[in-house]
Amino acid sequence: MRSAFSAALTRLGRDNSDVLLITGDHGYALFDEFRKACPDQFINAGIAEQNMVGMAAGLARLGFRPFVYGLSAFVPIRVVEQIKMDIAHDDLPVVLLGDGAGFVYSHLGPSHQSAEDIACARSVPGLTVLSPGDRYEMTACMDLAYDLRGPVYMRMGKADRGDVHSEALPPLVVGEPIRIREGPTDAPALLATGAMLTTAMQLAEQHGQMAVWSVPTIKPLATEAIAAIARSSSAIIVMEEHSVHGGLGAAVTEIVSEVAPCRVLRVGIRDRFSSHCGSYDYLLREHGLDLASVKERVDAFTAAV
C-alpha cells in the first residue's frame, strides 16, 4: 500500500504541477521517487504540524493542491482545529494523509497509536474520510482525493496485509461500499475498512457463507447502499482497527437505526488504551482484533441472530 501511495502521488505530481507534497519531517525514503521527479513540489515543514496545515491552507488559496503527510496520531489528531478552521471551513482542496493508523507504530506506545482519527475527522463538517484496504484501493483513493477538489482525510493503516482485489479498480463512487464476496440473505454481511479487510476475508472463508464489503469511503457513507445491505442480510458485522466510538461501526449503526433496523456487531478497539507495548500482532491480540478473537466474537453473535 505504501508503494502504491508513493507511485500514485508521484504520478499526480508529474501530471499536475499544482500538486505539492508537504511533510512534517516524515517519510523520507517513501518520498525518494517523488522528490526526484518533482523536486520543486516537495516541502519539509518540520515537526510543526499545526503550522504545516496552515501553510497548506494558504497554498491552496493560491491555487496549489497540497497533500499533507504525517502520522495519523498527529494528522489529524494534533491539528483538528487547523483542519476545521483553516481548511474545512472554506472548503479548500487539501488532502491530509495520516499514516500508521491503528496499531502500526505499536512499540512507540499510546502516543503514536491512533484509534480515534476517524471519529475526529468524521465530526469536521465537509471533510471527506477515506480508508483504503489494499494497494488497489489506495491508488483509487488517491485519484478520488485529487478529483474531489475539496478537503479530504485519508487514513493509512498496516501496509503489508496483502491484496484483496486482483486488479486495478474503476473510479470509486464516493460513499459506496465495494462488494468483495457474495453471500446468502440469511447470513450476516461483513463490512470492513483498512487493515481489517484482510481479516474479514479470512473470516468469511472460514464461515463459508458471508458476504464481504469493503468500505474505502467512510464519510460520506451512502445511506441507501448501507440500508440495502441491511435489508439483504440477517445482520451486519463491522470490522475496523479503530475505536468502536465514532468510527465506521458507529456510522453504519447510525444509518440502519434510522432507515433499515437490523442487528449490528461492531468489532473494533474498545474504550481503553493499550496496556502494554509490543509488536503489531501482539496488540491485535490484546485488543481482540486478531483472527481467532474476532472469530470467537462473530461465532457468538451469529449464534444469537
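The paragraphs below set out a description of the structure included in this document.

Calculation notes
Residues numbered from 1 in each chain as written. Predicted model: local features only at pLDDT ≥ 70, side-chain atom pairs only at ≥ 80, totals over all residues. Heavy atoms only, no water. Axes fitted to C-alpha atoms, helices over the stretch in contact; angles between N-to-C directions. Helix = DSSP H or I, 4+ residues; strand = E, 2+ residues; numbered from the N terminus. Parallel < 35°, antiparallel > 145°, perpendicular 65-115°, else oblique. Left-handed = near helix turned anticlockwise from the far one by under 90°. Contact = heavy atoms within 4.5 Å. Nonpolar A, V, L, I, M, F, W, Y, C, P; charged D, E, K, R; others polar. Pairing = 2+ DSSP bridges. Buried < 20%, exposed > 50% of the residue type's maximum accessible area, 1.4 Å probe, protein only. Polar contact = N/O pair within 3.5 Å; in protein donor to acceptor, adjacent residues only side chain to side chain. Core = buried A, V, L, I, M, F, W, Y, C linked by side-chain atoms within 4.5 Å. Salt bridge = Lys/Arg side-chain N within 4 Å of Asp/Glu carboxyl O. Right-handed = clockwise from strand over helix to strand, strands pointing away.

## Thoughts on the packing of helix H7 (residues 196-207) against helix H11 (residues 291-304)
Then step 1. Relative orientation of the contacting elements H7 and H11 amounts to 55 degrees, with a least axis distance of 10 Å. As judged from the angle between their axes, H7 and H11 are oblique. Crossing hand, H7 versus H11: right-handed. Within the contact between the two elements, H7 uses Met196, Thr199, Gln202, Leu203, Gln206 and His207 and H11 uses Leu291, Val294, Lys295, Val298, Asp299 and Thr302.
Then step 2. Partitioning the contact of H7 with H11 into residue classes produces five nonpolar, five polar and two charged.

## With respect to the sheet that holds strand E6 (residues 152-156)
Then step 1. Across the sheet, which stays open at both edges, the seven strands sit in the order E2-E1-E3-E4-E6-E5-E10 with mixed pairing between neighbours. Pairing within the sheet leaves two strands with one partner each, and these edge strands are strand E2 (42-44) and strand E10 (217-219). Between one strand axis and the next, the sheet turns by 20 degrees as a mean value, whatever way the strands run.
Then step 2. Sheet analysis places strand E3 (residues 65-71) next to strand E4 (residues 95-99), joined by five bridges and oriented parallel. What sits directly across from Phe67, in E4, is Val95.

## Thoughts on the environment of Lys219
Then step 1. Tracing the backbone through its elements, the reader meets Lys219 in strand E10.
Then step 2. Classification of Lys219 by relative accessible area gives buried; the value is 18%.
Then step 3. A sequence separation of 205 residues divides Lys219 from Arg14, and the C-alpha atoms of the two residues are 29 Å apart.
Then step 4. One polar contact links the side chain of Lys219 to the main-chain carbonyl oxygen of Arg122, over a distance of 3.1 Å.
Then step 5. A distance of 2.6 Å separates a polar atom in the side chain of Lys219 from the backbone oxygen of Val124.

## A short note on the nonpolar core
Then step 1. Core analysis: the biggest nonpolar cluster contains 30 residues, and Phe5, Leu9, Phe67, Leu97 and Met142 have the highest contact counts within it.
Then step 2. Listing elements by their share of this core, those giving two or more residues are helix H1 (2-15), strand E1 (19-23), E3, E4, helix H6 (135-148) and E6.
Then step 3. Among the elements that take part in this core, H6 stands out by supplying seven residues, more than any other.
Then step 4. Counting residues in each nonpolar core, the second largest holds 27 residues, with Val164, Leu265, Val267 and Leu283 among its members.

## A look at the pairing of E6
Then step 1. Of all the five residues making up E6, five are buried; the element is thus mostly covered by neighbouring parts of the structure.
Then step 2. The two faces of E6 match: Val152, Met154 and Met156 on one face and Tyr153 and Arg155 on the other face are all buried.
Then step 3. Across five bridges, E4 lies against E6 in parallel orientation. In the strand pairing of E6, Leu97 is matched with Met154.
Then step 4. The pairing of strand E5 (residues 128-130) with E6 spans three bridges and is parallel. Paired with Val129 across the bridge in E6 is Tyr153.

## Considering the pattern of salt bridges
Any two side chains of opposite charge can pair, on the condition that their charged atoms come close.
Then step 1. Scanning the model with the defined rule gives 13 salt bridges in all.
Then step 2. A salt bridge links Asp117 to Arg155, with the nearest nitrogen and oxygen atoms 2.8 Å apart. You can see Asp117 sitting in helix H5 (residues 117-122) and its partner Arg155 sitting in strand E6, a full 38 residues away along the chain. For the pair formed by Asp117 and Arg155, the shared burial category is buried.

## A closer look at the pairing of strand E8 (residues 189-192)
Then step 1. Here E8 shows no split at all, with Ala189 and Leu191 on one side and Leu190 and Ala192 on the other all buried.
Then step 2. Examined bridge by bridge, E8 and strand E9 (residues 211-214) share four bridges and lie parallel to one another. Within the sheet, the bridge partner assigned to Leu191 lies in E9 and is Trp213.
Then step 3. The β-α-β motif built from E8, the intervening H7 and the parallel element E9 has right-handed crossover chirality.

What is shown is where atoms sit, not what they do.
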